[in-house]
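# Topology and contacts: notes
Listed here are the chains, written in short residue letters.
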Amino acid sequence: MLIRQKPDIAASEITPRHLFEGRRDFIRAAGVGIALASATGAGILLRPAPALAGTKLPALRRSPLSATEAANSQADITSYNNFYEFGTGKEDPGQNAHTLRTRPWTLAIEGEVKHAKVYDLDELLKLAPLEERIYRLRCVEGWSMVIPWAGYPLSELIRRAEPTGRAHFVEFISAADPEQMPGVRRPVLEWPYAEGLRLDEAMHPLALLTLGLYGEVLPNQNGAPVRVTLPWKYGFKSAKSLVKIRLVERQPRTTWSSAAPREYGFYSNVNPQVDHPRWSQARERRIGELGKRATLPFNGYADQVAALYTGMDLRANF
Ligand SMILES: Nc1nc2c(c(=O)[nH]1)N[C@H]1C(S)=C(S)[C@@H](COP(=O)(O)O)O[C@H]1N2
Ligand SMILES: [Mo]
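Residues numbered from 1 in each chain as written. Chains lettered and ligands numbered in written order. Predicted model: local features only at pLDDT ≥ 70, side-chain atom pairs only at ≥ 80, totals over all residues. Heavy atoms only, no water.

## Digging into the side chain of Thr295
For the record, the criterion: Here a strand is any run of E in DSSP of at least two residues, a helix any run of H or I of at least four, and the numbering for each starts at the N terminus. Remark: exposure states derive from per-residue accessible area (1.4 Å probe, protein chains only) relative to the maximum for the residue type, with buried under 20%, exposed over 50%, and partly exposed in between. In protein, a polar contact requires one atom able to donate a hydrogen and another able to accept it; more generally it is a pair of N or O atoms within 3.5 Å, and residues adjacent in sequence count only if both atoms are side-chain atoms. Throughout, a contact is declared for two residues whenever any of their heavy atoms are within 4.5 Å.
By secondary structure assignment, the location of Thr295 is in the loop between β13 (293–294) and α8 (302–305). Exposure remark for Thr295: the relative accessible area of 5% places this residue in the buried category. There is a polar contact of 3.1 Å between the side chain of Thr295 and the side chain of Arg138. Of note is the side chain of Thr295, whose polar atom sits 2.5 Å from the side chain of Glu284. With residues up to four places along the chain from it excluded, the contact list for Thr295 reads Arg138, Val270, Pro272, Gln281, Ala282, Arg283 and Glu284.

Structural data, given as structure tokens:
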């Protein structure tokens, strides 16, 4: 995005791909501590494993809110990422994110709520039925993908916490552990990565609390074990590896809009008519395709979300 700098990670920090994949196979064979479809079909609770990568989720109903275009391959989706906690290069997260320990993991919901709570990952996985949601993702950099996520509406979580009358915005805080996340050792962004939405945006049925991808738990590079996905906004709004969701009264400070306020606004709705100061947003390259296609208002979700912004000047509130 803003920062163009060569990754300068020591070679010793990068696990060769064959070792990484061998490790994934080991984890898959070891099973995990949540009731998921196991190789034996028993779906029983097994001992906790150090990580979840590769674990199959139970059969998922496909949401009617899914895009009907062909999804990008699992290889594309897991090897071309933005996740600056693991480096600024597109291939860095896929190569480095295996060091993230996603179990045990907790996600706190707090702030202007009647029932603040710290959820354990197992609880989150069972909070509401997981469904498959195939969403377009449009990065502010000008590329896009179609991704089959698994999750349930973020509103399920927020509703249970009962926001108070003073809750007007929702803040999302990502993990920031320099031990596990080599990128956090460098001041490329203000850590932890933080994002935010207005409460009505967060309650919209398209806003997905995301726990899986391609029928498996989220790969680390895609924000394991839990992230949000907001398909009508530029990708950077969809914060990864969340540890905290905070309901607040005032519009929260967000990582990219504080790094470059003229370039990344709080709303960040996909808008082909409002160019980034340094490049056009009119077109995008779908990863895996040659050439470019037109970018659609609200990334193609205008019918569902445009009403959230009635009466707002979307050039001023970019
Ligand atoms: N914590 C955190 N979340 C993040 C980012 C990041 O660097 N750190 N990058 C964002 C950007 S710019 C994009 S485009 C999407 C990419 O999500 P994906 O790699 O799962 O496709 O994640 C977003 N969420
Ligand atoms: Mo992005």
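## A short note on the site of ligand 1
Stated precisely, the cut-off is as follows: In these notes, residues near a molecule or strand are those with any non-hydrogen atom within 4 Å of it. In short, Shrake-Rupley with a 1.4 Å probe defines the accessible areas, and a residue's cover is counted only from the protein chains shown. Three classes are used: nonpolar for Ala, Val, Leu, Ile, Met, Phe, Trp, Tyr, Cys and Pro, charged for Asp, Glu, Lys and Arg, and polar for all others, with Gly counted as polar.
By nearness alone, 19 residues border ligand 1, and Asn81, Tyr84, Glu85, Arg227 and Lys240 come closest of all. At a separation of 3.2 Å, a nitrogen atom of ligand 1 approaches a polar backbone atom of Asn82. Between ligand 1 and the protein, one listed contact pairs a nitrogen atom with a side-chain N or O atom of Ser174 at 3.0 Å. For ligand 1, whose unbound accessible area comes to 540 Å², protein coverage reaches 99%. For the shell around ligand 1, the class distribution of residues is ten nonpolar, six polar and three charged.

## Points about the nonpolar core
Threshold: Definition of nonpolar core: a set of buried residues of the types Ala, Val, Leu, Ile, Met, Phe, Trp, Tyr and Cys, connected through side-chain atoms within 4.5 Å.
Leu154, Leu157, Phe172, Leu209, Trp232, Ile245 and Leu247 are the most contacted members of the largest nonpolar core, which totals 82 residues. When residues of this core are assigned to their parent elements, the largest contribution, seven residues, is made by strand β5 (residues 143–153). Apart from residues no more than four positions distant in its own chain, Ile245 is found in contact with Leu107, Ala108, Ile109, Glu110, Leu154, Leu157, Val170, Glu171, Phe172 and Leu209.

Read these as layout, nothing more, since geometry by itself doesn't imply function.
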